[in-house]
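# Inside the fold
Here are the chains, one letter per residue:
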Amino acid sequence: MTTAAELRRLTRELLAAHPPADTDRLDFLRARFDAGLAWVHYPEGLGGLAAPRALQAVVDAELETAGAPGNDPRRIGIGLGMAAPTVLQYGTEEQKRRLLRPLWTGEEVWCQLFSEPGAGSDLAALGTRAVRDGDDWVVNGQKVWTSSAHLARWAILIARTDPDVPKHRGITYFVCDMSDPGVEVRPLRQITGEAEFNEVFLTDVRIPDSRRLGEVGDGWRVAQTTLNNERVAIGGTPVPREGGMIGKVAATWRERPGLRTHDTHQRLLGLWVEAEVARLTGVRLRQQLEAGQPGPEGAGMKLTFARLNQEISGLEVELLGEEGLLYDDWTMRRPELVDFTGRDAGYRYLRSKGNSIEGGTSEVLLNIVAERVLGLPAEPRTDKDVAWKDLAR
């Protein structure tokens, strides 16, 4: 088994062969992947060494000390947090070797073609159709709320391949090339003035069967791997104490005593404690990940992430008074990432409204926690045995 000492040795060998100060950033990242130091828990030859997941911190610490470049996870979070675990679990060897390296280095950005105008919270009701035509599938439909589609080379896509069976059983999972003919990306302007989201129209898009993940009709099970990892990626990202939004509000409180009131003091104390509890719960969740795949606990973390962001940003705007109503830039932009802490309070307040929608609505996640974590009786679902084509729409 790979040890911490062995990983330190390998990392130092990488740094000696590719000094960060003298090596092109992309060349360094490729060399790191090839050395198995990208994500050490992945298999050998796929950016890892089949080592315990917890040992990634050993590599990261060595590289940070040496000033080595990173792969900018915020920009490629969908690829890292959602696409990669799904490709690893369900992809063929050829798919893994073609897709994972440029995904991790950031050479190829990924997006997620799941939600539709009529199938958001009820994702399994999706209507985008994929029809077999020889060695290809011909896809037609519309997807929505697609982060980074304007930057993406690849997309993870679920489409209906059999309308004659109940909705969960007639879905198949594909990898879609966003540069293919018939893929059209249109911006969706948000309350922030930006358009980081998109709607994507698919018109006679041909996807080779070789880009299918999992078996035909088994796409819902494959998608659960993506969704479980998505919730962990959104809600379980490691942060230091007073990291994220709570740190911004706490800094304002300390630096500007004239803004303080008894009420905002009490609210800040309560939210600080909740943020710290969430941080420590995230540590425990990541420890569970070291032993296997994420479970429904990620839904609880994502729920907490959304609620805290909205409550903390609301307190921050109230604490700042009239100043909190200012907004830095309403210009229509197409950002490459979401930067909660690098913008002003107005942006944080507006952008956090989407946290309870993206990555699974809070209402759906409450159901997941109730049924899969607490073991409460499931809600009645009268449509689960009805063929998709017979559902009311």
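Right above here is the structure, for reference.
The notes below deal with the structure included here. Predicted, not measured: the structure shown is a model, and the values here were computed from it.

Attention now moves to the nonpolar core. Taken as a class, soluble globular proteins show a tendency for nonpolar side chains to be buried jointly. Counting 53 residues, the largest nonpolar core has Trp39, Trp110 and Met178 as its most contacted members. Top element by residues in this core is helix α4 (residues 77-90). It accounts for seven residues. Excluding residues that lie within four positions of it along the chain, Trp110 makes contacts with Ile78, Gly79, Ala83, Val87, Leu99, Leu103, Ser148, Ala152, Trp154, Ala155, Ile156 and Val175. Core analysis: the next-biggest nonpolar cluster, separate from the first, contains 14 residues, Leu7, Leu49, Leu55 and Val58 among them.

Close approach of charged atoms allows side chains of opposite charge to pair. Under the criterion given, the structure shown has 40 salt bridges. Of the charged contacts, one joins Arg206 and Asp136 as a salt bridge, the two residues approaching to 3.1 Å between their closest N and O atoms. Taken as a pair, Arg206 in strand β7 (residues 197-208) and Asp136 in strand β3 (residues 136-144) lie far apart in primary sequence, 70 residues in all. Ionic pairing is found between Glu316 and Arg348, a salt bridge with its closest N-O pair at 2.8 Å. Of this pair, Glu316 sits in helix α9 (residues 297-320) while Arg348 sits in helix α10 (residues 345-351); the two residues are 32 residues apart in sequence, bridging distant segments of the chain. Of the two residues examined, Glu316 and Arg348, each falls in the buried class. Salt bridges here are not isolated pairs; linked through shared partners, they connect Glu194, Asp328, Asp329, Arg333 and Arg343.

Right, let's talk about the packing of aromatic side chains for a bit. Taken as a whole and assessed by the stated rule, the structure comprises eight aromatic pairs. Between the aromatic rings of Trp39 and Tyr42, the centroid separation amounts to 4.1 Å while the plane-to-plane angle is 20°, which identifies the pairing as stacked. Of the two residues, Trp39 and Tyr42, neither departs from the other in class, the shared state being buried. Through a chain of ring-to-ring contacts, three or more aromatic side chains come together here, namely Phe33, Trp39, Tyr42 and Trp104. Sitting over the ring of Phe201, Arg186 keeps its end group 4.0 Å from the ring centre.

Now for the pairing of strand β5 (residues 171-177). Most of β5 sits out of view: seven of its seven residues are buried. A two-sided burial pattern is seen for β5, the buried positions comprising Ile171, Tyr173, Val175 and Asp177 on one face and Thr172, Phe174 and Cys176 on the other. Pairing geometry for strand β4 (residues 154-160) and β5, over seven bridges, is antiparallel. Its bridge partner lying in β5, Ala159 is registered against Thr172. With two bridges connecting them, β5 and strand β8 (residues 212-213) associate as antiparallel partners. Directly across from Phe174, in β8, lies its bridge partner Arg212.

Note that strand β2 (residues 129-133) and β3 share five bridges and pair antiparallel. Each residue of the ladder has a partner; that of Asp133, found in β3, is Asp136. Strand direction decides the pairing type here: β3 and β7, joined by eight bridges, are antiparallel. Bridge pairing in β7 links Val138 to Arg206.

Reading guide: rules and limits
- Residues numbered from 1 in each chain as written.
- Predicted model: local features only at pLDDT ≥ 70, side-chain atom pairs only at ≥ 80, totals over all residues.
- Heavy atoms only, no water.
- Core = buried A, V, L, I, M, F, W, Y, C linked by side-chain atoms within 4.5 Å.
- Buried < 20%, exposed > 50% of the residue type's maximum accessible area, 1.4 Å probe, protein only.
- Helix = DSSP H or I, 4+ residues; strand = E, 2+ residues; numbered from the N terminus.
- Contact = heavy atoms within 4.5 Å.
- Salt bridge = Lys/Arg side-chain N within 4 Å of Asp/Glu carboxyl O.
- Phe/Tyr/Trp six-rings, centres within 6.5 Å; stacked < 30°, edge-to-face > 60°.
- Lys NZ or Arg CZ within 6 Å of the ring centre and 35° of its normal.
- Pairing = 2+ DSSP bridges.

Everything listed is a geometric property; what it means functionally is a separate question.
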